Amino acid sequence: MAVALSGGADSTALLVAAALRWPHQVHAIHVHHGLQAAANDFQAHCVQLCQDWNVPLHTVHIDARARPGESPEERARQERYRALAQTGLQQGL
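Computed from a predicted model, the values in this text were never measured in an experiment. (Residues numbered from 1 in each chain as written. Predicted model: local features only at pLDDT ≥ 70, side-chain atom pairs only at ≥ 80, totals over all residues. Heavy atoms only, no water.)

Caption draft 1: The packing of helix α1 (residues 9-21) against helix α2 (residues 39-53), seen in detail. Across the interface, α1 lies against α2 with an axial gap of 11 Å and an inter-helix angle of 15 degrees. The orientation of α1 relative to α2 falls into the category roughly parallel. At the point where α1 passes α2, the crossing takes the right-handed sense. Residues T12, L15, V16, A19 and L20 of α1 form the contact with α2, whose participating residues are H45, L49, C50 and W53. Classifying every residue of the contact of α1 with α2 by side-chain character gives seven nonpolar, two polar and no charged. (Axes fitted to C-alpha atoms, helices over the stretch in contact; angles between N-to-C directions. Helix = DSSP H or I, 4+ residues; strand = E, 2+ residues; numbered from the N terminus. Parallel < 35°, antiparallel > 145°, perpendicular 65-115°, else oblique. Left-handed = near helix turned anticlockwise from the far one by under 90°. Contact = heavy atoms within 4.5 Å. Nonpolar A, V, L, I, M, F, W, Y, C, P; charged D, E, K, R; others polar.)

Encoded structure:
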């Protein structure tokens, strides 16, 4: 089982709830898109959180920069979903 972990409040709460409900069965996938100045801080939070809860963390770095004429939000979302699906399959989650 995998939780997409952005490092924000919602995904942090979801990870903790899942880890409590299904101990040693949950993995976290963090997608580092590098689009925000705080991206490295979010990753550091995810690393610490997963260490604290003994949850394996898989971090994927992606290039989510929008191409000309593309919506930056849509491009980031598409790349994030692709990375989550690919990592989940690779890890057997």
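Caption draft 2: Representation of the sheet that holds strand β1 (residues 2-4) in the model. Within the open sheet, the three strands sit side by side as β1-β2-β3. Their pairing is parallel. The outermost strands of the open sheet, each flanked by one partner alone, are β1 and β3 (57-61). For this sheet the average axis-to-axis angle between neighbouring strands, irrespective of direction, equals 25 degrees. Note: strand β2 (residues 27-32) against β3, five bridges, orientation parallel. Residue pairing across strands places I29 opposite H58, the latter belonging to β3. (Pairing = 2+ DSSP bridges.)

Caption draft 3: Inspection of the nonpolar core at higher detail. V3, L5, L15, V16, A18, A19, V26, A28, C46, L49, C50 and V55 together form the largest nonpolar core, which totals 12 residues. For this core, the elements supplying multiple residues, two or more each, are α1 and α2. Beyond its immediate stretch of four places on either side in the chain, L49 contacts L5, T12, L15 and V16. Of all hydrophobic cores here, the second largest spans eight residues; its members include V60, A64, A76 and L84. (Core = buried A, V, L, I, M, F, W, Y, C linked by side-chain atoms within 4.5 Å. Buried < 20%, exposed > 50% of the residue type's maximum accessible area, 1.4 Å probe, protein only.)

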